[in-house]
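# Structural description and commentary
Next come the chains, spelled out residue by residue.
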Amino acid sequence: MAEARDLFKEFKVQSVSEFFRRNAAMLGYTGKVRSLTTIIHEAVTNSLDACEEAGILPYIRVEIEELGKEHYKVIVEDNGPGIPEDYIPHVFGKMLAGTKAHRNIQSRGQQGIGISGAVMFAQITSGKATRVITSTGGDIVEAWVKIDVQKNEGKIVKKIKHPNPRGWRGTRIELEVKDVKYVRSKQGVYWYLKLTAIANPHAHIELIEPDGKLIVFPRSSDEIPEPPVEMKPHPKGVMTDDVYTMAHRSKRSSVRRFLVSEFSRISDKKIDELIKYIAALRLIKSEDRKDIREQLYERLVRGEVDAVLKSFGRKWKKVVEQVAKIMEKPPEKLTWHEAEEIVEAFKLMKFLAPPTHGLRPIGEENIEKGLKAILRPEFVTAITRPPKVYAGGIPFQVEVGLAYGGHITSSEVLRYANRVPLLFDAGSCVITSAVRSIDWKRYRIDSFDTAPLVVLVNVISVHVPYTSTGKQSIADIDEIYNEIRLALMDAARKLAFYLGGKFRRLYQVKRRKTLEKYLPEIARALHILTGEPEEKIKEYFLSLIESRIEIEEVSDVEAEATEA
């Protein structure tokens, strides 16, 4: 039998970069087409976020140059604020690092591994460093970056500075990748950029395909989205580790001040209530009899905290005083057990819903602009639902757009999370299941699969619950599922109203033509019987047909408006 010491000779610690180098599929690098799209996705989302945060209308240029079989150079350039020279190795060479990962803020990226993952993929497939050209308005810095996967650090292998007489500002990255493929499929780069342009009508996006063809998705709105606002965490959406870690990083003077200042919906009055709940929980756990413990806990769930405390006689005051001391000590001295007690009490207490002012939807007008500009439908509508929360304290919002007819020839579901297109893993996404759950026949769509109908769904949140690190599908959470369905039904009612009017107009045109077809014979017969001129009889019947059809159209519209 082998000794434990011998077995542990092979024990090694691997860095985050090393882990993802071996498991690139977790970042979305699976398949030749998907891998290329993932690289473009990471670079473009970074460009959009940077431009919007700096208040700049994005101008993004993507160029794909074929160097050999399944061997490409990918170039992405933007007019963003640029990257300070010192941060270049951290941005492109260090995983789980960034300006967004640690903030409670709506953004396209959340994990701080996107663009560094693309650099690593280029490195492991071609062996080449990524070329970065950037300027914040001063000198232009040209750097070649590689990742030291053992240390999870970016290394600049070569750097050149150039004068910048025109004051250019922005970032351009060039990655050389192998084992990827450019095709114009619905999982490819062209389709990804097309969908990005729909959800970001303020962005001008250009694509140069490997054959040199230039495709432009022009800007259809000059309105820069307001930058999202960082939001404090809500008590209902935190775990023990969140409270413990935040407390130990806090510079506040006491646990009370820490909780009041670093969480939303917590006031001094709520802290007094929190003390009572923690004291009540301690007393309940000290009770020997299980049935009494369960009865008291149920009363606590119902909010009868004062009654529960008083049921323990005089000793409750002493326990409350002990708990109150926790709130007055420095937050860095909060123990794990005390953090657990705080979170357990949070779950029983009632709080106002979290603020949602930090969420930034696309907006109904901009969704319609994006769909009209790219898809050119005959009808378009959009719905933005009011913000809601899931998991008790994480705000989110749902938007839906419907485009029908015109240049659209088949049905399509366009899935987005924080304006980013989701191209893969549709089967496991809550958006797909919500769209499929709608009875479209109720909205004058006989068959969703064959209808010329495009459904756009955008879910925005400070924390989108993706099903995996690849960020291509949203988890099936009841609150999100229900909101998507409600938004779809609101938009579908508008579509049904439009289709009702369209079908009604077609029917009336057909009816008018039928009546007009027999009008000469009727006029002639009446002329013989009455002696009135044929033209006069024709004019009379034409005006009668027009007036009757007009009255019926108004009646139908009023009836359908009431129904909708």
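Our subject is the structure that appears above.
Here the residue numbering is sequential within each chain, running from 1 through the sequence in written order. Local features in a predicted model are, by the rule used here, given only for residues with pLDDT of at least 70; side-chain atom pairs are given and counted only at 80 or more, and totals for whole chains, interfaces and linings are based on all residues. As a convention, hydrogens and water are excluded, and side-chain values are obtained from all of the structure's heavy atoms.

## Some remarks on the packing of aromatic side chains
A pair of aromatic rings is counted whenever rings of Phe, Tyr or Trp (Trp by its six-membered ring) have centres within 6.5 Å, and the orientation is called stacked for planes under 30 degrees apart, edge-to-face for over 60 and tilted otherwise. Counted under the stated rule, the structure contains 9 aromatic pairs. Their ring planes at 45° and their centres at 5.9 Å tell us that Y190 and F217 sit as a pair that is tilted. One end of the pair, Y190, is in helix α6 (residues 189–199); the other, F217, is in strand β8 (residues 214–217), with 27 residues separating them in the sequence. Exposure is judged per residue with a 1.4 Å probe applied to protein chains only, and the accessible area is read against the type maximum: over 50% gives exposed, under 20% gives buried, and values in between give partly exposed. For F217, a relative accessible area of 5% translates into the label buried. Ring plane angle 15° and centroid distance 4.6 Å describe the contact between F379 and Y498, whose orientation is recorded as stacked. Taken together, the positions of F379 in strand β9 (residues 379–384) and Y498 in helix α16 (residues 478–530) put the pair 119 residues apart, joining distant regions of the chain. Accessibility expressed as a relative area gives 13% for F379, which makes it buried. Following the ring pairs from residue to residue traces out a cluster consisting of F258, F263, F346 and F351. The lysine or arginine in question, R184, covers the ring of Y190, its NZ or CZ lying 4.1 Å from the ring centre. Comment: elements are numbered from the N terminus, with helices defined as DSSP H or I runs of at least four residues and strands as E runs of at least two. Note on criteria: charge over ring means Lys NZ or Arg CZ within 6 Å of the ring centre, with the direction from the centre no more than 35 degrees off the ring normal.

## Thoughts on unusual backbone geometry
Not every positive phi belongs to a glycine, and R376 is a case in point at roughly 50°. Its place among the elements puts R376 in the loop between α14 (364–375) and β9. The phi angle at N418 is positive, at roughly 50°, despite the residue not being glycine.

## Description of the pattern of salt bridges
Should a side-chain nitrogen of Lys or Arg be within 4 Å of a carboxyl oxygen of Asp or Glu, the pair is scored as a salt bridge. Evaluation of the coordinates by the stated rule reveals 32 salt bridges. The shortest N-O distance in the salt bridge between D291 and R289 comes to 2.9 Å. Owing to a relative accessible area of 35%, D291 belongs among the partly exposed residues under this scheme. With a relative accessible area of 48%, R289 lands in the partly exposed category.

## Considerations on the nonpolar core
Think of a nonpolar core as a cluster: buried Ala, Val, Leu, Ile, Met, Phe, Trp, Tyr and Cys residues, connected wherever their side-chain atoms sit within 4.5 Å. I40 and L193 are the most contacted members of the largest nonpolar core, which has 63 residues in total. The contact criterion used throughout is that any non-hydrogen atoms of two residues lie within 4.5 Å. For I40, the contacting residues outside a window of four places in its chain are V62, I64, V74, V76, V189, Y192 and L193. I394, A434, V435 and A475 belong to the second largest nonpolar core, which has 45 residues in total.

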